[in-house]
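The chain contents come next:
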Amino acid sequence: MPLATPKGITVPFPDRLAEGYEVNARKSGGYHLLVNIDGTRLEHVFRDLVELVPDPGFLILETPCNEVKELELRTTDSDPFHRDIYYIDGLERYQFLEIFNEYSDLLVHDGFVHFGFGSHNTEQKDEVFVEGYKIVSIFTDDPSPYDTALSGHKIPRVSKLTTAWDTFSEEHPGVRNRWRQGEIDIYSMIESLMRERGLYHAKTISD
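All values reported here derive from a predicted model rather than from experimental measurement. (Residues numbered from 1 in each chain as written. Predicted model: local features only at pLDDT ≥ 70, side-chain atom pairs only at ≥ 80, totals over all residues. Heavy atoms only, no water.)

Caption draft 1: View of helix α3 (residues 93-109). At Y103, α3 shows its strongest bend, of approximately 75 degrees. Where α3 is buried, its residues contact α1 (42-50), β4 (57-64), β5 (82-91), β6 (114-119) and α5 (186-197). (Bend = angle between axes of the 7 residues up to and from the residue. Helix = DSSP H or I, 4+ residues; strand = E, 2+ residues; numbered from the N terminus. Contact = heavy atoms within 4.5 Å.)

As structure tokens, then:
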């Protein structure tokens with residue numbers, strides 16, 4: 001069966017993709033686990049992975065700049081597009097999961113938003129981050145708990161993972177689309193989190 005993608009994602013050759021993960025040592029120390037998760041299971045598996053991140057921690061959100069800001073930043077057609085990065089610091093895990101549960105449909109299925117939970121713990125700086133095309137990155141000093149969790153979900157460890165990015169070409173690009181959760185989009189979600197949860201803008205980066 002080809003890998004099912006979230007609703008706001010289209011990949012040209014889903015039959016080339018499968019659930020799985022690879023583990024790589026980082027030059028800066030620790031490990032990076034790169035994970036493909038079927039879109040029908042992403043919400044559930046993500047919650048289980050977050051349970052392994054020591055709290056307190058932080059929520060991270062990355063979204064494309066809105067149209068007004070992008071027009072200010074891009075002076076020529078050759079300039080890159082940009083993303084805004086937001087955080088909420090000092091969250092217990094249950095507080096992060098409250099936020100995730102409230103917006104899970106939007107976060108999982110919107111093709112443009114990236115999100116995750118990372119630890120403030122100085123001894124174990126774990127982070128679970130859902131990035132472009134809903135590929136999951138896990139950063140940790142100890143991959144064994146994540147090995148166990150992923151194996152429990154029947155997601156196999158592989159020596160080399162094929163991700164959505166490996167299937168793209170100029171003739172066959174990936175497609176990302178907006179998704180709404182009822183009347184909520186990613187920008188109204190950000191406004192709500194700023195007003196009610198202390199979300200703050202940290203920086204703007206090139207996409």
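Caption draft 2: Layout of the nonpolar core. With 40 residues, the main nonpolar core has V35, L49, L61, F96 and V136 as its most contacted residues. With eight residues, the single largest contributor to this core is α3. Excluding residues within four positions of it along the chain, F96 makes contact with F46, V50, L59, L91, G116 and F117. One finds L17, I135, A164 and F168 within the second-largest nonpolar core, a separate group that totals 10 residues. (Core = buried A, V, L, I, M, F, W, Y, C linked by side-chain atoms within 4.5 Å. Buried < 20%, exposed > 50% of the residue type's maximum accessible area, 1.4 Å probe, protein only.)

Caption draft 3: Just the pattern of salt bridges, in detail. For the structure on display, the rule yields nine salt bridges. When the shortest N-O distance is used, the salt bridge between E19 and R41 registers 2.8 Å. Here R41 lies in the loop between β3 (31-36) and α1 and E19 lies in the loop between β1 (9-10) and β2 (20-25), a separation of 22 residues in the sequence. A network of salt bridges, in which partner residues are shared, links E51, D55 and R93. (Salt bridge = Lys/Arg side-chain N within 4 Å of Asp/Glu carboxyl O.)

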